Amino acid sequence: MRATQLTDPLCYHAEGPVWSASWGGLRWVDLLAGDVMSLGADGQVHRTHVGDVVAALRPRVDGGAVLALERGVALEDPDGTVRPLVGLWDDPGVRANEGACDPQGRFYLGSMAYDQTEGAARVYRVDADASAEVVIDAVTVSNGMDWSPDGSLVYYNDTPTGKVDVFDYEPGAGLTNRRTFTEIPDGGRPDGLTVDAEGGVWTAVIDQAVVQRYTPEGRLDAVIEVPVQQVTACTFGGDGLDRLFITTSQENLEPGEDPLAGALFVADVGVRGQQVRAFAG
């Protein structure tokens, strides 16, 4: 399959696409610009600045969004007001990177060192009452995370490892029994991921110009080609949750080196996604 270009190359480093009916469709981030991007029903893209960095977002159960800013979490209220919720670390050399919500409505926020120092980062869980704790330690570039349809498994990418990991999950025990789900072929580096309604795991491979789907057994069974080298993340959207939206990046590229880098793409892949899980706070 091949993805179709949906927007101009509007972003420097697009990441974290999320579809939610509560905010009218698709939103994603231009991470290092600190901007939230929204795709209107008319195809127009709207840009809202929220901070120096915005690394991820998810809807809130009562409207608005939870936002991962550079070193902590903020809330967007339904009227668009953004207010801080909790700071998670003080080190200016570490920034947020990707996030997701569990079935109980808790927000998981990963991080990475700007210089990608090995093991310098963590994954945090932020509860609705703004309490927070570390749930994965010693990660390098924390990226995609999503739950299986029955909520019993969590898939997770620490990009430099070159593999997708899987954890067992239950609300009280959290993430346990980490193990390798699959290795990315040809030394690929997995970035954002999403899990479809059949339990298939779709991961962007940032250095191979593709999104790959793996069966629940870990077998590669579909590849979407994207005409941009740095493919960062993907999510299901559309009224039937049957379209895969894909973000791309021009980070660290010379002007004109990859002309479509930073554009949004879409592919009709013949499978439905899951409804996004919302933050309870």
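Now for a look at the structure at hand.

As a further point, take the overall build of the protein chain. A tally of helices and strands in the protein chain yields zero helices and 24 strands. Taking 2.2 N^0.38 as the reference for a compact globule, 281 residues should give roughly 19 Å; the C-alpha atoms of the protein chain span a radius of gyration of 17 Å, in line with that estimate. A principal-axis box enclosing the C-alpha atoms of the protein chain has dimensions of 45 × 40 × 40 Å. Put simply, the protein chain has 281 residues, and 59% of those count as buried. A sequence separation of at least 24 residues applies to 44% of the contacts in the protein chain between residues at least 6 apart. Looking at the protein chain as shown, the accessible area adds up to about 11,100 Å², and 45% of this sits on carbon and sulfur atoms. For the protein chain, the distance from the average site of its 20 positive side-chain charges to the average site of its 43 negative ones is 3 Å.

The next subject is the sheet that holds strand S12 (residues 121-126). Note: strands within a sheet are paired through backbone hydrogen bonds, in either parallel or antiparallel orientation. Pairing in this open sheet of four strands is antiparallel, and the strands run S10-S11-S12-S13 from one edge to the other. The sheet is open, and its two borders are formed by strand S10 (94-101) and strand S13 (132-139), each paired with just one other strand. Across the sheet, the mean angle separating the axes of adjacent strands is 20 degrees when strand polarity is ignored. Pairing of strand S11 (residues 107-113) with S12, which is carried by four bridges, proceeds in the antiparallel orientation. Bridge assignment links Tyr-108 to a residue of S12, and that residue is Arg-125.

A word on the environment of Thr-215. By the secondary structure assignment, Thr-215 is in the loop between strand S20 (210-214) and strand S21 (220-225). Its relative accessible area of 6% is what places Thr-215 among the buried residues. Filtering out sequence-adjacent residues up to four positions away, Thr-215 remains in contact with Phe-181 and Asp-221.

Quick look at the pattern of salt bridges now. Taken as a whole and assessed by the stated rule, the structure comprises 19 salt bridges. For Asp-77, the salt bridge is made with Arg-60, and the minimal N-O distance between the two is 3.0 Å. Highlighted residues: Asp-77 in the loop between strand S8 (72-76) and strand S9 (82-87) and Arg-60 in the loop between strand S6 (54-59) and strand S7 (65-69), separated in sequence by 17 residues. Under the relative-accessibility criterion, Arg-60 is labelled buried at 11%. Its salt-bridge partner being Arg-71, residue Glu-70 comes within 3.3 Å of it at the nearest N-O pair. A single network of salt bridges, built from pairs that share partners, joins Asp-196, Glu-198, Arg-213 and Asp-221.

Conventions we followed
Residues numbered from 1 in each chain as written. Predicted model: local features only at pLDDT ≥ 70, side-chain atom pairs only at ≥ 80, totals over all residues. Heavy atoms only, no water. Helix = DSSP H or I, 4+ residues; strand = E, 2+ residues; numbered from the N terminus. Rg over C-alpha atoms; globule rule 2.2 N^0.38 Å. Buried < 20%, exposed > 50% of the residue type's maximum accessible area, 1.4 Å probe, protein only. Contact = heavy atoms within 4.5 Å. Areas by Shrake-Rupley, 256 points an atom, 1.4 Å probe, with all protein chains shown as cover. Lys, Arg positive; Asp, Glu negative; His and termini not counted. Charge placed at Lys NZ, Arg CZ, Asp CG, Glu CD. Pairing = 2+ DSSP bridges. Axes fitted to C-alpha atoms, helices over the stretch in contact; angles between N-to-C directions. Salt bridge = Lys/Arg side-chain N within 4 Å of Asp/Glu carboxyl O.

Just geometry here; none of it tells us what the structure is for.
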